[in-house]
Amino acid sequence: MKADIHPDYREVVFQDVTSDFKFLTRSTLAASTKETIKWDDGKDYPLVKIEVSSATHPFYTGQNKIVDTSGRIDKFKRRYAK
């Protein structure tokens, strides 16, 4: 294997912005974020914000919720409205 071609794999906090649910895991996305957050253990970790997690996904919650960030549903309704 070639040396120094793989991204850093380290601990990161993911935050669901719709429910404020946070969890600590390991990821390579730590390099793509500038924000940090202080976790329960007192350490600072990189923060990655996400729109859907197990706390808000309809499969896990049993609720039907539509997340449309680009307006595709409205565009569809306007196109096919009679």
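Residues numbered from 1 in each chain as written. Predicted model: local features only at pLDDT ≥ 70, side-chain atom pairs only at ≥ 80, totals over all residues. Heavy atoms only, no water.

The name given to the protein in an unreviewed UniProt entry is Large ribosomal subunit protein bL31B, and the organism recorded there is Luteimonas rhizosphaericola. According to its UniProt record, the protein has this under Subunit (unreviewed entry): "Part of the 50S ribosomal subunit." (UniProt positions renumbered as here; feature names shortened; annotations may be inferred.)

Engineer: Honestly, the sheet that holds strand β3 (residues 36–38) in this entry has me stumped. Any pointers?
Structural biologist: Strands belonging to one sheet form pairs held by backbone hydrogen bonds; the direction of such a pair is parallel or antiparallel. Reading across from one edge, β2-β1-β4-β3 is the order of the four strands in this open sheet, with mixed pairing throughout. Two strands bound the open sheet, and with one partner strand each, they are β2 (21–27) and β3. This sheet shows a mean twist of 45° between the axes of neighbouring strands, independent of strand direction. Pairing of β3 with strand β4 (residues 44–50), which is carried by three bridges, proceeds in the antiparallel orientation. Across the sheet, the residue bridging to T36 is P46, located in β4. (Pairing = 2+ DSSP bridges. Helix = DSSP H or I, 4+ residues; strand = E, 2+ residues; numbered from the N terminus. Axes fitted to C-alpha atoms, helices over the stretch in contact; angles between N-to-C directions.)

Engineer: How do you make sense of the pattern of salt bridges when you look at a structure like this?
Structural biologist: Oppositely charged side chains may form a pair once their charged atoms are brought near each other. Taken as a whole and judged by the stated rule, the model has three salt bridges. With a shortest N-O distance of 3.6 Å, D20 and K22 are connected by a salt bridge. The class for D20 is partly exposed, based on a relative accessible area of 47%. Salt-bridge contacts for K38 lead to D44; the nearest nitrogen and oxygen are separated by 3.8 Å. (Salt bridge = Lys/Arg side-chain N within 4 Å of Asp/Glu carboxyl O. Buried < 20%, exposed > 50% of the residue type's maximum accessible area, 1.4 Å probe, protein only.)

Engineer: Where do I start with the packing of aromatic side chains in this structure?
Structural biologist: For any two aromatic rings, the description comes down to two numbers: the centre-to-centre distance and the angle of the planes. Scanning the model with the defined rule gives three aromatic pairs in all. Between F14 and F23 the ring centres are 5.6 Å apart and the planes differ by 20°, which places this aromatic pair in the stacked class. Through successive ring pairs, a cluster of aromatic residues spans F14, F21 and F23. (Phe/Tyr/Trp six-rings, centres within 6.5 Å; stacked < 30°, edge-to-face > 60°.)

Engineer: Before we go on, may I ask you to explain the environment of I37 in this structure?
Structural biologist: Locating I37 in the fold gives a position in strand β3. Accessibility expressed as a relative area gives 17% for I37, which makes it buried. Between the C-alpha atoms of I37 and L47, which are ten residues apart in sequence, the distance is 6.0 Å. Look past the residues within four positions of I37 in its chain and what remains in contact with it is V13, K22, K43, D44, Y45 and L47. (Contact = heavy atoms within 4.5 Å.)

Engineer: What am I meant to see in unusual backbone geometry here?
Structural biologist: Note on backbone geometry: most residues besides glycine have negative phi, and most peptide bonds are trans. In this model, D4 sits at a positive phi of 60°, which is unusual for a non-glycine residue. A positive phi angle, close to 60°, is found at D20, a residue other than glycine. Structurally, D20 is set in the loop between β1 (10–16) and β2.

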